[in-house]
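These are the residues of each chain, in order.
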Amino acid sequence: MVHLRPRVVELTILWALVCVLACPLSSPAAVGREIPPAQRGVVLSLSDIHFNPFYDAALVGRLNRSEYQRWRAIFSSSGVRGYGSYSADTNYNLMNSALEYARQVSPRPDFVIISGDFLSHNFQQTYVSLTGNHEPAALESFIDKTIAFITLMIEERFPNTPVYPALGNNDSYCGDYNLAPGGRFLARTAQTWKGLIKERSNVGSFLKTFPASGSYVVSPPGGKGHRLIVLNTVFLSRDYANKCGDPKANPAQDELSWFGDQLRKASASKERVWLLAHIPPGVDVFSSIENNPADPFEAPLMYYGGTYNQQYLNLMNQYASTISHTFAGHTHMDSFQLVNQAIDKRAASAVTITPAISPIYGNNPGFKVFTYDRQSSALIDYTTYYLNLGAGARGERWGKEYAFGATYGQPSLDPVSLQAVYLLMPIDYHGSLTSYGRFYNVSDTAQPVLNKTNWSAYWCGIGYLTPGQFTWCQQMLDGGPTAPTPPTRPAAARQP
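Conventions adopted
- Residues numbered from 1 in each chain as written.
- Predicted model: local features only at pLDDT ≥ 70, side-chain atom pairs only at ≥ 80, totals over all residues.
- Heavy atoms only, no water.
- Helix = DSSP H or I, 4+ residues; strand = E, 2+ residues; numbered from the N terminus.
- Buried < 20%, exposed > 50% of the residue type's maximum accessible area, 1.4 Å probe, protein only.
- 1 Å grid on protein atoms, 1.4 Å probe; cavity = no way out; pocket = protein on both sides within 12 Å on 5 of 7 lines; lining within 4 Å.
- Points joined across faces, edges and corners; volume = space filled by probe spheres on them.
- Pairing = 2+ DSSP bridges.
- Axes fitted to C-alpha atoms, helices over the stretch in contact; angles between N-to-C directions.
- Contact = heavy atoms within 4.5 Å.

### Considering the overall build of the protein
When helices and strands are tallied, the protein shows 16 helices and twelve strands. Scored against the burial criterion, the 496 residues of the protein give a buried share of 60%.

### Considering empty space enclosed by the protein
The final tally for this structure, using the stated rule, is two cavities of 30 Å³ or more. In this model, the largest cavity occupies a volume close to 60 Å³. Together, D334, S335, F336, Y382, Y402, F404, Y408, Y436, F439 and Y440 line the largest cavity. Those elements that provide at least two residues to the lining of the largest cavity are β8 (335–339), α12 (404–408) and α14 (432–440).

### A look at the sheet that holds strand β12 (residues 398–403)
Sheets are built from strands that pair by backbone hydrogen bonding, the pairs being arranged parallel or antiparallel. Spatially, six strands are ordered β3-β2-β1-β10-β11-β12 in an open sheet, and the strand pairing comes out mixed. Either end of the sheet is taken by a strand with one partner, and the two such strands are β3 (163–165) and β12. Taken pair by pair, the neighbouring strands of this sheet meet at an average axis angle of 25°, ignoring direction. Where strand β1 (residues 40–46) and strand β10 (residues 366–373) come together, six bridges link them in antiparallel fashion. Paired with V43 across the two strands is F370, which belongs to β10.

### Considering the sheet that holds β8
Pairing within the open sheet is mixed, and its six strands lie in the order β4-β5-β6-β7-β9-β8. Of all strands in the sheet, those bounded by a partner on one side alone are β4 (216–218) and β8. Sheet twist, expressed as the average angle between the axes of neighbouring strands with direction ignored, equals 20°. Sitting on the sheet, helix α9 (residues 251–268) touches β4, β5 (226–230), β6 (272–276) and β7 (323–328), and the angle it makes with β5 is about 180°.

Just geometry here; none of it tells us what the structure is for.
Structure below.
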């Protein structure tokens, strides 16, 4: 990877920030490792499976005629071998190996979280093209069987473990970003997924809200005073279009209202919250660069449409003392975000983004295993595991890629530690920034994403999640001390 050496003025500014905020780097004690083993919990995090049942076109007719319980035998008969390529979604061999390796490295997690996108890209169009069947009922039946097959594969590896899935933008009957609130897909998927939830009261909570909105709240095992809110952030996306639902509905605003209600209840009960969602907040840096390669800062594209990004960040700031962490996917890359960071303050919260199983965007397949304190729900560390698709003759096999604490010298996985790593990146270009750049696309070193021309956009996208803050970040890097004052994060409202 190209060394990303910043200018002297950037060093001056950023070194001052590190002196204030990066104190955990000097701590030799690993606080998390002092937690008693019985108090340590484990969470397996998967994302963006994007299973493609069409990868061998010769099998599609048999799959279409068969129940999903027979699909494994059909896929096993395929003449297509190997795990596919960087330009394709997940075939059966890759999904099977990913789930099997996840079971090997984490055989008994407290629970499993999956941050969305179970179906492959262009699923509906591919089905019609290969089968010639334009009947909606036939397509819906095939989608139901695909979701059920993926669910079966997961349950076989983790039969006694609660699994909490979130919806992604490809998960619907109607097409990408077109999930209908209260529609047939949600109702049928709820019946397929309810067996994953396990605990009776959590199943009841899941069935109460998921069929209407795709969101739900559960009390995960591991410790008391801890709840998991699973959001359907697809409704918040700038690309969302309710083509198959009620055009008068406003599912995004309904979702944010429900989210606020859940945070108020958790706050009143003095519970700590983890959030699980598919699409994170903030700036879509990749699309911003594609849209305007010369200046992605000029009019950055946001993941969320309209005012939804600011509304979401307002809630995150208002309930910062209630929210422990957010888990997301969607980007296919391994990254994190700092929520409501101000230039002279610590981040209010953080988001960790789990890389995809699907390698379609040039990433190696990967997943994360988190450790946490069951008593406080605080995250301790994570390890990313990956499959090197580019190994070629050396052999494509799963293995450990890196552990956050050991790589970045951090004692825990909290907003302070993540912010310390973040602020060191432009200074420690031989270490932190180079490591982040390598791990961002899960060590596909032949196709690095970050380079000397775009690193500042990706760096600003981690820490500045509104258009104004993102643009200010660029001005700060370009202008140094003469840059205007950053837009401040919204004042925290008093919790009820």
